[in-house]
Amino acid sequence: MLFINPNNLLFLDETVRNLNFHVPMWFTMISLLFISCINSILYLRTNKIKYDIIASRSAEVAVLFGLMGLATGSFWARFSWGDWWTDDYKLNGAAIGELMYLAYLILRNSVEDPGKRARLSSVYSIMAFPLFLVFAWILPKMAANSMHPGSGDTVGFNQYPLNNNLRMTFYPAVLGWILMGWWITSLQIRNKYITLKLESDED
Amino acid sequence: MKIRSLLSLSLTLLTGQTFAQTKENLFYSNGKIYVVVAVISIIFTGIVTYLILLDRRLKRTEKELRDKFDKKGSKD
C-alpha cells in the first residue's frame, strides 16, 4: 500500500498526500462537534450530567483537531499557494469556527456552578454547531471565488481526474482519524467519570 | 560554556539567511514530499502534547484515588 503512487496533481505534486492528514482533521472535528451538539440537546432534555461531560470533552478534543487542521493547512498553503495565510472564505471561516469553540471552552471555565455551567454551555454548543457549519463549509462553498479545494469556484478533490489510489487511502484515513479523535475523547470522559465518582463518595 | 555556544549557534542558524534558504530548498525538493513530512510532524506533536496533558489529569485523579484509600485504610 505504501508504494502505490497517487496522481501528483500539478503544483501540488507529492503534497497531494496531505489529503490523508489535513482533510480528516476537519472531518474529525465536525464529527466530534456533532457528538457535542447531540449530547448538549440530550443534557437539556434530561438534565443528566453525563451528557454534559460527553459534550464538553468532545468539544475540547474537536478544538485540538481544529488547531491541527489550521496548522497543517497553513503549512500546506505556504508551499503550494506561497503564503501562510490567504484572505480566503474557507480559511477565515474555519478560523472563526475554531475561535467560537475556544470561546466555548473559556465560557465553561468561567462558570463555577456545575449545573449552571452545563446549561449555559449546552445552549452555546447547540447554537454554535450550525454556525460552525455555515462559516467553515456553507459560506465558503457559496463564495464567488476561493483557492481552497471544494469551495467557491475551486472543485473538490473528488472532481479531479484522480485514479482511485487516493481514495483507497483517503476513506480509511478519515475513518481512522475519527476513531482516533473519539478514543482520545473517551479517555477524557472516563477520567472525568472517576473524578465525579470520587467527589460524590466524599459527600 | 558548551551549552551557550550551542545556543548561539542554533540562534544564528534559526535567524540566518542560509538556514532559511536551505529550509526553503528542502521543502521544494523531491516533489515537495517534505511538506507532507512536516504536516505529519505537526499532527504528531499536537496529539502527543494533548496526551501529555491528559496524562497529567490522570495523575491528579490517581492521586485523589490514592489519598482516598489511604484515608479509608487509617479508619479501619
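A few points on the structure. Since the structure is predicted, the reported quantities are computational estimates derived from the model, not experimental observations. (Residues numbered from 1 in each chain as written. Chains lettered and ligands numbered in written order. Predicted model: local features only at pLDDT ≥ 70, side-chain atom pairs only at ≥ 80, totals over all residues. Heavy atoms only, no water.)

A short note on the side chain of Gln188(A)
Put simply, the rule is: In this description a helix means any DSSP run of H or I spanning at least four residues, a strand means any run of E spanning at least two, and both kinds are numbered starting from the N terminus. Two N or O atoms form a polar contact when they lie within 3.5 Å of each other; inside protein one atom must be a possible hydrogen donor and the other a possible acceptor, and for residues adjacent in sequence the pair counts only when both atoms belong to side chains.
Topologically, Gln188(A) is positioned in helix H5 (residues 165-202). Among the polar contacts listed, one links the side chain of Gln188(A) to the side chain of Tyr50(B), at a separation of 2.7 Å.

Quick notes on the packing of helix H1 (residues 22-46) of chain A against helix H4 (residues 114-142) of chain A
All names here are of chain A. Selection rule: Every axis in this analysis is a line fitted to C-alpha atoms, fitted for helices over the stretch in contact. Angles between the N-to-C directions lie between 0 and 180 degrees. Reported orientations rely on four angle classes, namely roughly parallel under 35 degrees, roughly antiparallel over 145, roughly perpendicular from 65 to 115, and oblique for the rest. Left-handed is the label given to a crossing in which the near helix is rotated counterclockwise from the far helix by less than a right angle, and right-handed is the label when the rotation is clockwise. Whether two residues are in contact is decided by their heavy atoms, any of which lying within 4.5 Å being enough. Note that Gly is not counted as nonpolar here; it falls among the polar residues with everything else outside the nonpolar set of Ala, Val, Leu, Ile, Met, Phe, Trp, Tyr, Cys and Pro and the charged set of Asp, Glu, Lys and Arg.
In the contact formed by H1 and H4, the axes pass within 8 Å of each other and the chain directions differ by 135°. Considering the angle they form, H1 stands oblique to H4. Of the two elements, H1 crosses H4, and the hand of that crossing is left-handed. The residues of H4 that touch H1, namely those facing Met29, Ile30, Leu33, Phe34, Ser36, Cys37, Ser40, Ile41, Tyr43 and Leu44, are Gly115, Ala118, Arg119, Ser122, Val123, Ser125, Ile126, Phe129, Phe132 and Leu133. For the contact of H1 with H4, the per-class residue count stands at 14 nonpolar, five polar and one charged.

Thoughts on the interface of chain A and chain B
The line we're drawing: Simply put, the buried area is the total loss of 1.4 Å probe accessible area from both parts when two parts are fitted together. Take a side-chain nitrogen of Lys or Arg and a carboxyl oxygen of Asp or Glu: if they are within 4 Å of each other, that pair is a salt bridge.
Contacts between the two partners involve 31 residues from chain A, matched on the other side by 25 residues from chain B. Roughly 2,700 Å² is buried in total at the junction of chain A and chain B, and carbon and sulfur atoms are behind 72% of that figure. On the chain A side of the interface with chain B, the three residues burying the most area are Phe75(A), Phe79(A) and Leu198(A), jointly 23% of the side's total. Along the contact surface separating chain A from chain B lie two salt bridges. In this structure, Lys68(B) and Asp201(A) form a salt bridge, with 3.8 Å as the shortest nitrogen-oxygen distance. Taken together, chain A and chain B are joined by seven residue pairs in polar contact (both at pLDDT 80 or more). At the level of secondary structure, the elements contributing two or more residues to the side of chain A that touches chain B comprise helix H2 (49-80) and H5 of chain A.

Comments concerning the nonpolar core
Stated formally: What we call a nonpolar core is a set of buried Ala, Val, Leu, Ile, Met, Phe, Trp, Tyr and Cys residues that are connected through their side-chain atoms within 4.5 Å. Burial status follows relative accessibility: with a 1.4 Å probe on protein chains alone, a residue under 20% of its type maximum counts as buried, one over 50% as exposed, and anything between as partly exposed.
The biggest cluster of nonpolar side chains holds 34 residues, and the ones touching the most others in it are Phe65(A), Tyr101(A), Phe132(A), Trp177(A) and Ile43(B). For this core, the secondary-structure elements that each account for two or more residues are H1, H2, helix H3 (89-110), H4 and H5 of chain A together with helix H3 (33-75) of chain B. Excluding anything up to four places from it in sequence, Phe132(A) contacts Met29(A), Ile30(A), Leu33(A), Gly97(A), Glu98(A), Met100(A), Tyr101(A) and Trp137(A). The next biggest cluster of nonpolar side chains, apart from the first, holds 14 residues, and it includes Leu12(A), Leu19(A), Phe75(A) and Phe157(A).

Here we look at the pattern of salt bridges
Residue and element names in this part refer to chain B. Enumeration according to the criterion identifies six salt bridges over all chains in this entry. Between lysine 59 and aspartate 55 there is a salt bridge, and its shortest N-O distance comes to 3.6 Å. Of this pair, lysine 59 and aspartate 55 both sit in helix H3, four residues apart, which is roughly one turn of the helix. By relative accessible area, which is 51% here, lysine 59 ends up exposed. Judged by relative accessible area, which is 38%, aspartate 55 ranks as partly exposed.

Section: a nonpolar patch on the surface
Convention followed: Patch membership is restricted to residues that have no salt bridge and whose relative accessible area is over 30%. Joining uses 9 Å for like charges and 5 Å for the nonpolar side chains Val, Leu, Ile, Met, Phe, Trp and Tyr. Note on areas: Shrake-Rupley, 1.4 Å probe, and residue coverage restricted to the protein chains presented here.
A surface patch of nonpolar side chains, amounting to about 470 Å² of accessible area, comprises Val134(A), Trp137(A), Ile138(A), Leu139(A) and Met142(A). Following the sequence through the fold, Ile138(A) ends up in helix H4.

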